[in-house]
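Below, each chain spelled out in residue letters.
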Amino acid sequence: MAGLNKVVETYDQALAGLTDDMTLMVGGFGLCGIPENLIIKMQEMGVKGLTCISNNAGVDDFGLGLLLQKKQIARIYASYVGENALFEQQMLSGELDVILTPQGTLAEKIRAGGAGIPAFFTATGYGTPVAEGKETREIDGRHYVLEPSLTADFALVKAWKADTMGNLVYRNTAMNFNPMMATAGKITVVEVEEIVPAGTLDPNHIHTPGIYVNRVIKGNFEKRIEQRTTREA
């Protein structure tokens, strides 16, 4: 990168410094808005012992499911994992350490991590296995669970458009988890559909300021549909 130019040309450059046993945040919701090619590159790299923070684990042959195939993920914080049979097998066999987290709590743990907040109290999960081993407190007659925030060595993000300084715009479902993860990684790598010159984007429409972004790469995306539902014409 030269000066404030965050653009890299290869996936080797995009993931430089990623090694075994690191913690990763991976954006997206289902198969929407996931950094598809960054995940493929990690599978090719063979990095292992990873801790992943992601709303879901992809499907058996796409998204984070590719890393599960090679048993590269050791632990995962996730909310919705019902579409991945391989995930289920590895969890039940004890090969994969799974921290199931309520979806709103997962989002706030990431947002808090990006904001420098070490922990927060939430009523969600009180009196359930989610609260086991955690501090609880009664506040104004209601019970709460203390949830630690989350940060990562790398945050892997998918955006629609970026300028060369790393300012980002997301579209539709990609707004889920990607913006907050972009703030919570020591190194934030963003895969985008289009890169435009600095100054092109309307400042009022930027979702993630470039100060949070370390590297930007332009990708080509399959955008697979997780559950295809059709009806007869």
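Reading guide: rules and limits
- Residues numbered from 1 in each chain as written.
- Predicted model: local features only at pLDDT ≥ 70, side-chain atom pairs only at ≥ 80, totals over all residues.
- Heavy atoms only, no water.
- Pairing = 2+ DSSP bridges.
- Helix = DSSP H or I, 4+ residues; strand = E, 2+ residues; numbered from the N terminus.
- Axes fitted to C-alpha atoms, helices over the stretch in contact; angles between N-to-C directions.
- Expected span 1.5 Å × (residues − 1).
- Buried < 20%, exposed > 50% of the residue type's maximum accessible area, 1.4 Å probe, protein only.
- Contact = heavy atoms within 4.5 Å.
- Polar contact = N/O pair within 3.5 Å; in protein donor to acceptor, adjacent residues only side chain to side chain.
- Phe/Tyr/Trp six-rings, centres within 6.5 Å; stacked < 30°, edge-to-face > 60°.
- Lys NZ or Arg CZ within 6 Å of the ring centre and 35° of its normal.
- 1 Å grid on protein atoms, 1.4 Å probe; cavity = no way out; pocket = protein on both sides within 12 Å on 5 of 7 lines; lining within 4 Å.
- Points joined across faces, edges and corners; volume = space filled by probe spheres on them.
- Nonpolar A, V, L, I, M, F, W, Y, C, P; charged D, E, K, R; others polar.

### Observations regarding the sheet that holds strand 6 (residues 136-139)
Sheet strands line up and pair through hydrogen bonds in the backbone, either parallel or antiparallel. Here we have three strands laid out as an open sheet, ordered 5-7-6, and antiparallel in their pairing. Of all the strands in the sheet, the pair left with one neighbour each is strand 5 (119-122) and strand 6. For this sheet the average axis-to-axis angle between neighbouring strands, irrespective of direction, equals 35°. In the sheet, strand 6 pairs with strand 7 (residues 142-148) via four bridges, with the strands oriented antiparallel. When the bridges of strand 7 are listed, glutamate 138 appears paired with histidine 143.

### Focus on helix 5 (residues 103-115)
An ideal rise of 1.5 Å per residue puts 18 Å on 13 residues; helix 5 measures up with 18 Å between its terminal C-alpha atoms. Restricting attention to buried positions, one finds in helix 5 the residues Thr105, Leu106, Ala107, Lys109, Ile110, Ala112 and Gly113. Here the buried face of helix 5 lies against strand 1 (23-26), strand 2 (50-53), strand 3 (73-78), strand 5, strand 7 and helix 6 (178-182).

### With respect to the side chain of serine 54
Inspection of the secondary structure assignment puts serine 54 in the loop between strand 2 and helix 3 (65-69). Classification of serine 54 as buried rests on a relative accessible area of 4%. A polar contact of 2.8 Å, which involves the side chain of serine 54, links it to the backbone oxygen of asparagine 56. In this view, serine 54 contacts Val26, Leu64, Tyr77, Ala78, Ser79, Leu106 and Met181; residues no more than four positions away in its chain are not counted.

### What to know about the environment of isoleucine 187
Mapping isoleucine 187 onto the fold places it in strand 10 (residues 185-196). It is 9.6 Å that separates the C-alpha atoms of isoleucine 187 and leucine 18, two residues lying 169 residues apart in sequence. If sequence neighbours within four positions are ignored, isoleucine 187 has contacts with Asp153, Phe154, Ala155, Asn214 and Arg215.

### Thoughts on the packing of aromatic side chains
With the rule as written, the count across this model stands at zero aromatic pairs. Sitting over the face of the ring of tryptophan 160, arginine 171 holds its NZ or CZ atom 5.5 Å from the ring centroid.

### Digging into empty space enclosed by the protein
The full count for this structure, using the stated rule, is two cavities of 30 Å³ or more. Quantified by volume, the largest cavity comes out at close to 50 Å³. Taken together, Val26, Gly27, Gly30, Ile34, Ile39, Ser54, Asn56, Ala57, Gly58, Gly63 and Leu64 form the lining of the largest cavity. Each residue belonging to the lining of the largest cavity can be placed in one class, and the counts come to five nonpolar, six polar and no charged.

### Things to note about the side chain of asparagine 56
When you line up the elements, asparagine 56 lands in the loop between strand 2 and helix 3. Of note is the side chain of asparagine 56, whose polar atom sits 3.1 Å from the backbone nitrogen of glycine 30. Ignoring sequence-local partners within four residues, the contact set of asparagine 56 consists of Gly28, Phe29, Gly30, Leu64 and Tyr80.

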